[in-house]
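Take a look at the letters that make up each chain.
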Amino acid sequence: MTLTEKILAKASKKSKVFPGENIWVETDILLTHDVCGPGTIGVFKREFGKNARVWNPYKIVIMPDHYIFTSDSLSNRNVDILRAFTKEQGLPYFYDVIDDPNGNWKFDPLKGPLKRQYGMHYAGVCHTALPEKGHVRPGEVLFGTDSHTCTAGAFNQFATGIGNTDAGFVMGTGKLLIKVPPTIQFYLDGELQKGVMAKDLILYIIGEIGFDGATYMAMQFEGPGAFSLSIEDRMTMANMAIEAGAKNGIFPADQKTIDYVNQRILKNGTKKEFEIVELEKDQKFFASYSIDLSKIEPTVAAPPNPANRFKAKELASVKIDRAYLGSCTGGKLTDFIAFASILKNNMVSVETFAVPSTPEVVDQLHKIEIEGQSLWEILVQAGVKITENPSCAACLGGPMDTFGRVNKPLVCISSTNRNFPGRMGDKAALVYLASPMTVAASAIKGKITDPREFL
Amino acid sequence: MTKRIFGKAYVVGDNIDTDQIIPAQYLMYVPTVPEELEKLGSYALCGLPESLYPLRFVEAGKTKTEYPIIIAGKNFGCGSSREHAPIALAAAGCRVVIAKSYARIFFRNCIATGVLFPYEIGERFPEKIEIGQELVVDLETETLLVADHAYPLKPLGDAKEVIEAGGIFNYAKKTGMIPAGS
């Protein structure tokens, strides 16, 4: 069996499962947020009754992260709905924006978008925060009301996005009926060259198999190249499996995985036990690809979808109006380190926004230094508008006052994961997806630029 | 149970993602709140660029569409897992989508909610149908009737019963999988 099949067999208490088979699986973690949580709670109450209890309070993680730092009153209200439900059900893992369990969340526009406006429990972007807070373990099944839930596949986990109705069902029963996906194998060899990032690799792969090339399937990344990638690189890869239509993306575990997971569990006091799922010799794949990482070059996805692949140098004539760093796929600490390494001693020539994905990233940006200067200072000095308020922000547009939202038909280069029409705001805006290094180099030059020019 | 869905068709191309079906700026509306559901319906497909789609799915100022049938190319509903997408289409009055193929989560959400029939069809139809053309979808025979031609749709199998029952919860209650009283 493949990694995905092995996890699903275990979760359905079967000795073997086959692609295409419909099975009931037990959920280890259900993740939801402010955009889909209120609707999920609505379904749960409608179907199980007003006084119903969730199936297991320790297995539900609620991380408001989408529309937080906005004056939109309904968005603020949605965080309050989550808080009320948490209180009613006694849920230990609600990462509230405010500290007062009896309070109401209200963004203060007078303080502005840059200054910190959250309390001590807030976790930021759920897909980055979930492993950070010790809720991701190898071998487990994670369902989340968000398509980028597949990010956690980086940790040898079966993780996939579901809708509110399915999530309401899980909330009440802990179970879900799913179809076992066929697996596509990506055998990775070699190492990424300097100036090339995991984002380039996944954009290359999506371009190779197409925007719907893995629909209904599992994308399994393995081989020495997969192990050469850092944990955050693997998260970038697994995150964008959905951009090829996949149900999940998954990596085998190694010492890096175990160390990361154990450290986070220890720090947060979450469940300790987990069982890694090892690669078997006998695996049946729907298709198999071999990729030499050393051949990958800085890659850009042009609008209107993430499979519209070009080499960065092929788009050198494309002028940009804006650059954006952030999101679950592109706002992690290593993304910021790479971004700052290019921007050091340079100035951006277009408006550039940066949104760290979690408060921990914000904290580290102040602590980590390159040649005596903190990452935060490097960005500020380079002219980047950086906020202390981590959230999904402009990655998906959001309310009109969202930080960095593309409110005009601009050309934007972004480290995020989607570039459909209107994704970051204006329907006529053009969004080019690229690695944090390519975004930085392009922001300096004002046109799409291969970052190796700055190495 | 309605055996036939008929009315005007709205026609879209390939890769219509959930941001075009219901732009993220309207996701603060909670689908289980009736007045917010109506709002979601009024914005259905408003993310389609006007340059490509000058005729709107829901006219400005209205909450309902005049197109109960959507004809689409491949990979309809790709992108986010937002259940707001099928729900917004249905809230506007759409009953059935006929596409060359679907993204996984959108297809699943149609079945789980029971709000839309997501039919696949073997050949591409967007180029063959005009926006506003009258079509009939026969749910019993699972065919698309265009003028005097009947085109087979890919049978929905077990999922059809779930949609007809009104989604997985209603189906589970109807079939005794979960207690009807809950």
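Residues numbered from 1 in each chain as written. Chains lettered and ligands numbered in written order. Predicted model: local features only at pLDDT ≥ 70, side-chain atom pairs only at ≥ 80, totals over all residues. Heavy atoms only, no water.

## Quick word on the overall build of chain A
Put simply, the rule reads: A run of H or I in DSSP counts as a helix once it spans at least four residues, and a run of E counts as a strand once it spans at least two, with each numbered from the N terminus. Restricting the calculation to C-alpha atoms gives the radius of gyration, and the globule rule supplies 2.2 Å times the number of residues raised to the power 0.38. Any residue under 20% of the maximum accessible area for its type is buried, any over 50% is exposed, and the rest in between are partly exposed; the area is computed with a 1.4 Å probe on protein chains only. Working rule for contacts: check all heavy atoms of both residues, and any pair within 4.5 Å makes them a contact. Here, Shrake-Rupley sampling with a 1.4 Å probe gives the accessible areas, and only protein chains in the shown set may cover a residue.
Check the secondary structure of chain A and you find 13 helices and 19 strands. Since a compact globule built from 455 residues should have a radius of gyration of about 23 Å, the 21 Å found for chain A is in line with a globular shape. Buried residues in chain A amount to 66% of all 455 residues. Here the analysis covers contacts within chain A between residues at least 6 apart in sequence; of these, 76% occur between residues at least 24 apart. Approximately 15,500 Å² of chain A is accessible, and the part contributed by carbon and sulfur atoms is 53%.

## Remarks on the environment of Leu31(A)
Residues and elements named next belong to chain A. Position of Leu 31 among the secondary structure elements: in strand β2 (residues 29–32). Linking Leu 31 and Met 63, residues 32 residues apart in sequence, is a C-alpha distance of 7.5 Å. Those residues in contact with Leu 31, other than ones at most four positions away along the chain, are Val 61, Met 63, Cys 126, His 127, Leu 130, Leu 142, Phe 143, Gly 144 and Thr 145.

## Quick notes on the packing of aromatic side chains
The description of two aromatic rings rests on the distance between their centres and on the angle between their planes. Convention followed: When two rings of Phe, Tyr or Trp (its six-membered ring) have centres within 6.5 Å they constitute a pair, described as stacked for plane angles under 30 degrees, edge-to-face for angles over 60, and tilted for the intermediate range. Any Lys NZ or Arg CZ found within 6 Å of a ring centre and within 35 degrees of that ring's normal is scored as a charge over the ring.
Under the defined criterion, the tally for this structure stands at 30 aromatic pairs over all chains. Of the aromatic side chains, those joined through ring pairs into one cluster are Trp24(A), Phe44(A), Phe48(A), Phe85(A), Phe169(A) and Phe169(B). Positioned over the ring face of Phe125(B) is Lys128(B), at 4.9 Å from the centre of the ring.

## Quick word on the interface of chain B and chain A
Note the threshold: Computed with a 1.4 Å rolling probe, the buried area is the accessible surface lost when two parts are put together, summed over both parts. Should a side-chain nitrogen of Lys or Arg be within 4 Å of a carboxyl oxygen of Asp or Glu, the pair is scored as a salt bridge. Polar contacts here mean pairs of N or O atoms no more than 3.5 Å apart (in protein, one a potential hydrogen donor and the other a potential acceptor; neighbouring residues in sequence count only if both atoms are side-chain atoms).
On the chain A side, the residues contacting the 42 residues of chain B number 49 residues. Between chain B and chain A the total buried area reaches about 3,600 Å² when both faces are included, carbon and sulfur atoms providing 56% of it. Considering only the side of chain B, the residues that lose the most area to chain A are Met28(B), Arg104(B) and Phe169(B), jointly responsible for 22% of the buried surface there. Our enumeration of links across chain B and chain A arrives at five salt bridges. Glu47(A) serves as the salt-bridge partner of Lys173(B), at 2.8 Å between the closest nitrogen and oxygen. Across the contact surface, chain B and chain A share 20 residue pairs in polar contact (both at pLDDT 80 or more).

## Some words on the sheet that holds strand β7 (residues 149–154) of chain B
One key point about sheets: their strands pair by backbone hydrogen bonds, in either a parallel or an antiparallel sense. Residue and element names in this part refer to chain B. Condition: Each pair of strands is called paired provided DSSP finds at least two bridges between the two strands. Comment: axis = line fitted to C-alpha atoms, over the contacting stretch for helices; angle = value between 0 and 180 degrees taken between N-to-C directions.
Taken together, seven strands build a closed barrel; the order of strands is β1-β2-β3-β4-β7-β6-β5 and the barrel is mixed. Averaged over all pairs of adjacent strands, the angle between strand axes in this sheet comes to 35 degrees, irrespective of strand direction. Relative to strand β2 (residues 69–72), strand β1 (residues 4–11) runs parallel, the two sharing three bridges. For Tyr 10, the partnering residue across the bridge sits in β2 and is Ile 70.

## Remarks on the pairing of strand β1 (residues 22–26) of chain A
All names here are of chain A. Here β1 shows a clear split, with Ile 23 and Val 25 buried on one side and none of Asn 22, Trp 24 and Glu 26 buried on the other. Across five bridges, the pairing between β1 and strand β6 (residues 175–179) is antiparallel. Residue Ile 23 lies in a different strand from β6, and its bridge partner there is Ile 178.

## Here we look at the domain arrangement of chain A
Residue and element names in this part refer to chain A. Operational definition: Just so you know, the domain bounds were taken from an automatic or database domain assignment. Charged means Asp, Glu, Lys or Arg here, nonpolar means Ala, Val, Leu, Ile, Met, Phe, Trp, Tyr, Cys or Pro, and polar covers whatever is left, Gly included.
Examined at the domain level, chain A breaks down into domain 1 (1–296) and domain 2 (299–450). A C-alpha centroid distance of 23 Å is found between domain 1 and domain 2. Between domain 1 and domain 2, the contact holds 45 residues from the first and 44 residues from the second. Carbon and sulfur atoms make up 57% of the surface buried where domain 1 meets domain 2, a total of about 3,700 Å² over both sides. On inspection of domain 1 and its partner domain 2, the count reaches four salt bridges. Linking domain 1 with domain 2 are 27 residue pairs in polar contact (both at pLDDT 80 or more). Going through the elements one at a time, α4 (126–132), α6 (198–209), α8 (231–239) and α9 (255–268) are the ones with two or more residues in the side of domain 1 that touches domain 2. With seven residues, α6 is the largest single contributor of residues to the side of domain 1 that touches domain 2. Of the residues contributing to the side of domain 1 that touches domain 2, the split by class is 18 nonpolar, 15 polar and 12 charged.

## Quick word on the sheet that holds β2(A)
Residues and elements named next belong to chain A. Within the open sheet, the four strands sit side by side as β3-β2-β4-β5. Their pairing is parallel. Every interior strand has two partners, whereas the edge strands, β3 (60–62) and β5 (158–161), have only one. Direction aside, neighbouring strands of the sheet carry axes that sit 20 degrees apart on average.

## Let's talk about the pattern of salt bridges
Charged atoms that come close allow side chains of opposite charge to pair. Residue and element names in this part refer to chain A. Inspection of the entire model under this criterion finds 36 salt bridges over all chains. Where Glu 140 meets Lys 271, a salt bridge forms, and the shortest distance between an N and an O atom there is 2.8 Å. Taken together, the residues span a long stretch of sequence, with Glu 140 in the loop between α4 and β4 (141–144) and Lys 271 in the loop between α9 and β10 (287–292) at a distance of 131 residues. By relative accessible area, which is 5% here, Glu 140 ends up buried. The class for Lys 271 is partly exposed, based on a relative accessible area of 39%.

## A closer look at unusual backbone geometry
Residue and element names in this part refer to chain A. The step from Pro 303 to Pro 304 runs through a cis peptide bond, and the omega angle for that step is 10 degrees. Tracing the chain through its elements places Pro 304 in the loop between β11 (299–301) and β12 (309–311). Its identity is not glycine, yet Lys 13 carries a phi of approximately 55 degrees, on the positive side. In this structure, Lys 13 sits in the loop between α1 (3–11) and β1. By relative accessible area, Lys 13 is classed as exposed at 70%.

## A look at a nonpolar patch on the surface
Rules: The patches described consist of residues with a relative accessible area above 30% and no salt bridge, like charges being joined within 9 Å and nonpolar side chains (Val, Leu, Ile, Met, Phe, Trp, Tyr) within 5 Å.
A cluster of nonpolar side chains, contributed by Trp24(A), Leu177(A) and Met177(B), occupies part of the molecular surface with about 270 Å² of accessible area. Tracing the backbone through its elements, the reader meets Met177(B) in the segment after α6 (168–174).

## A short note on the nonpolar core
Note the cut-off: Definition of nonpolar core: a set of buried residues of the types Ala, Val, Leu, Ile, Met, Phe, Trp, Tyr and Cys, connected through side-chain atoms within 4.5 Å.
Ranked by internal contacts, the top residues of the largest apolar core, which has 65 residues, are Phe57(B), Ile70(B), Phe76(B), Leu89(B) and Leu144(B). Among the domains, domain 1 (1–296) and domain 2 (299–450) of chain A are the pair contributing at least three residues each to this core. Look past the residues within four positions of Ile70(B) in its chain and what remains in contact with it is Tyr10(B), Val12(B), Leu45(B), Phe57(B), Phe76(B), Leu89(B), Cys94(B), Val96(B), Val97(B) and Ile98(B).

## Notes on the side chain of Arg423(A)
One can find Arg423(A) in the loop between β18 (411–414) and β19 (430–433). A polar contact of 3.2 Å, which involves the side chain of Arg423(A), links it to the side chain of Asp19(B). The residues touching Arg423(A), leaving out its near neighbours within four places in the chain, are His148(A), Ala394(A), Cys395(A), Leu396(A), Gly397(A), Asn417(A), Arg418(A), Asp19(B) and Arg82(B).

## Concerning helix α2 (residues 34–42) of chain B
Looking only at α2(B), the buried set comprises Glu36(B), Leu40(B), Gly41(B) and Ser42(B). Looking at the buried side of α2(B), the elements it contacts are α3 (73–89) of chain A together with α3 (84–91) of chain B.

## Some details on the state of the cysteines
The following threshold applies: Note on disulfides: each one is a pair of cysteine sulfur atoms within 2.5 Å.
Applying the stated criterion to the full structure yields zero disulfides over all chains. A disulfide-free cysteine, Cys36(A) has its sulfur positioned 9.8 Å from the sulfur of Cys126(A), the nearest such atom. Using a relative accessible area of 3% as the deciding quantity, one classes Cys36(A) as buried. With no disulfide of its own, Cys110(B) has Cys94(B) as its nearest cysteine by sulfur position, at a separation of 8.9 Å.

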